[in-house]
Amino acid sequence: MGTTSFLTRARGLLRIRNQLVRECLAELLATFVLIIITLSSSAQKITSFEMKGNLLTSYLGGALAVMVGIYTAGGISGAHMNPAFTFAMCLIEQFPWWKFPIFVVVQTLGSFISAGAVYTLYYGMGERHWAREPHGDAWGGQAYGHALPLPQDAIWHYSNGSLTVSGPRETASIFATYPADYVSITNGFLDQVIGTGVLIVGVMGIMDARNKAVPKGLEPVVVALLVLSIESSMGANCGCPLNPARDFGPRLFTYVAGWGPEVFRWVEERG
């Protein structure tokens, strides 16, 4: 009884009553969940040399991440998780314009924090452990000679300790999307306009009560299927980010984490 009373009082003290703060925290959490699952699915695919994941699992992880994000905060902030969607909601007067820059900052911050979490999960501090180099002994058995430093974390192991944006062992694409070699700036821009436009139109159609109704509570599942269909059909050119915060937040993190200013450049070998 005492414990229940204590928890009740604690909830009362910790409860956030300001609606804007509640919405911002919910949006931050939803975006964090979206991006950490999306980036982790990409990290698992790349750092395992596609032994523990492939393009399909990466797309599926991103689509399901959208579903989880909507279930996480849809009832509080609307779970926009995307400045493009927030902008569209403002255009149709379903969301106040004064909240638009606040949500964009929160979404970008959530993406940045998520990138840091994935970096910690798959890279850590680049620490190494030591192992003995095996070699044959005089009796045909196995002996161990001098100690060798071995990488401890996935990104460090995959990239041989070098954080690069291009090349066969690049790891920047774990966090941000980069165009294919053949894509021009104009085509890349058009690719994202069309892909994001299809996403927004699809979500608006799902939300419109005048259309064939989605069973209540299953809207996030249908949105996830929409995202998966776009990823599967429009991901070849630019990786299908469809979300300015999903790309800019992690890209900014890679800039400060060691990949350098090249993450913001149009690299000749990358597009």
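Cut-offs and rules
- Residues numbered from 1 in each chain as written.
- Predicted model: local features only at pLDDT ≥ 70, side-chain atom pairs only at ≥ 80, totals over all residues.
- Heavy atoms only, no water.
- UniProt positions renumbered as here; feature names shortened; annotations may be inferred.
- Patch = residues over 30% accessible without salt bridge, like charges linked within 9 Å, V, L, I, M, F, W, Y side chains within 5 Å.
- Areas by Shrake-Rupley, 256 points an atom, 1.4 Å probe, with all protein chains shown as cover.
- Salt bridge = Lys/Arg side-chain N within 4 Å of Asp/Glu carboxyl O.
- Helix = DSSP H or I, 4+ residues; strand = E, 2+ residues; numbered from the N terminus.
- Buried < 20%, exposed > 50% of the residue type's maximum accessible area, 1.4 Å probe, protein only.
- Contact = heavy atoms within 4.5 Å.
- Core = buried A, V, L, I, M, F, W, Y, C linked by side-chain atoms within 4.5 Å.
- 1 Å grid on protein atoms, 1.4 Å probe; cavity = no way out; pocket = protein on both sides within 12 Å on 5 of 7 lines; lining within 4 Å.
- Points joined across faces, edges and corners; volume = space filled by probe spheres on them.
- Nonpolar A, V, L, I, M, F, W, Y, C, P; charged D, E, K, R; others polar.

Going by an unreviewed UniProt entry, the protein chain carries the name AQP10 protein and comes from Nicator chloris. Word for word, the UniProt comment on the protein chain under Sequence similarities (unreviewed entry) is "Belongs to the MIP/aquaporin (TC 1.A.8) family." Regarding the protein chain, the relevant UniProt record gives this comment under Subcellular location (unreviewed entry): "Membrane".

**Q** How would you summarise a nonpolar patch on the surface if you had to cite specific residues and measurements?
**A** Judged by side-chain polarity, Tyr-71, Leu-218, Val-221 and Leu-225 come together as a nonpolar surface patch covering roughly 360 Å² of accessible area. Looking at where Leu-218 falls in the secondary structure, it is placed in the loop between helix 7 (185–207) and helix 8 (219–234).

**Q** Talk me through the UniProt feature "transmembrane region" (unreviewed entry) in the protein chain; I want residue IDs and the actual numbers.
**A** Mapped onto the present numbering, the UniProt feature "transmembrane region" (unreviewed entry) falls at residues 20–39, 59–80 and 100–122. For residues 20–39, helix accounts for 100% and strand for 0%, while the C-alpha atoms at its two ends are 28 Å apart. The annotated region residues 100–122 carries 100% helix and 0% strand content, and the separation between its end C-alpha atoms amounts to 33 Å.

**Q** Quick one: what's the story with the pattern of salt bridges, residue by residue and with numbers?
**A** When charged atoms on two side chains of opposite charge get close, those side chains can pair. Taken as a whole, this structure holds 3 salt bridges when the rule is applied. When the shortest N-O distance is used, the salt bridge between Asp-208 and Arg-210 registers 3.1 Å. A salt bridge links Arg-251 to Asp-247, with the nearest nitrogen and oxygen atoms 2.8 Å apart. Placement of the pair is Arg-251 and Asp-247 together in helix 9 (residues 244–259), with a separation of 4 residues, close to one helical turn. Looking at Arg-251, the relative accessible area reads 11%, which means it is buried.

**Q** Explain the side chain of Ser-42 to me, using residue names and the numbers behind them.
**A** Its location among the elements puts Ser-42 in helix 2 (residues 19–47). Beyond its immediate stretch of four places on either side in the chain, Ser-42 contacts Ser-58, Ser-173 and Ile-174.

**Q** If you had to explain the nonpolar core to someone new, which residues and values would you point to?
**A** Ranked by size, the top nonpolar core spans 51 residues in total, and within it Val-66, Met-81, Ile-155, Phe-175, Leu-199, Val-223 and Trp-259 carry the most contacts. The element that contributes the greatest number of residues to this core is helix 2, accounting for 7 residues. Once you skip the residues sitting within four places of it in the chain, Leu-199 turns out to touch Asn-82, Leu-226, Val-227, Ile-230 and Leu-242.

**Q** Lay out the layout of surface pockets in plain terms, naming residues and giving numbers.
**A** When its volume is computed, the largest pocket comes out at roughly 1,200 Å³. For the largest pocket, the lining is made up of 50 residues, of which Val-227, Glu-231, Cys-240, Pro-241 and Leu-242 are closest to its centre. Looking at the lining of the largest pocket, the elements that each hand over two or more residues are helix 2, helix 3 (55–73), helix 4 (83–91), helix 7 and helix 8. Sort the elements by how many residues they give to the lining of the largest pocket and helix 3 lands first, with 6 residues. Taken together, the residues that form the lining of the largest pocket break down as 27 nonpolar, 16 polar and 7 charged.

**Q** Lay out the environment of Lys-99 with the relevant residues and their values.
**A** As for its position among the elements, Lys-99 is in the loop between helix 4 and helix 5 (100–122). For Lys-99, a relative accessible area of 13% translates into the label buried. Each C-alpha atom, one on Lys-99 and one on Cys-24, is 9.8 Å from the other, the two residues being 75 residues apart in sequence. With residues near it in sequence (within four places) discarded, Lys-99 still touches Leu-20 and Glu-23.

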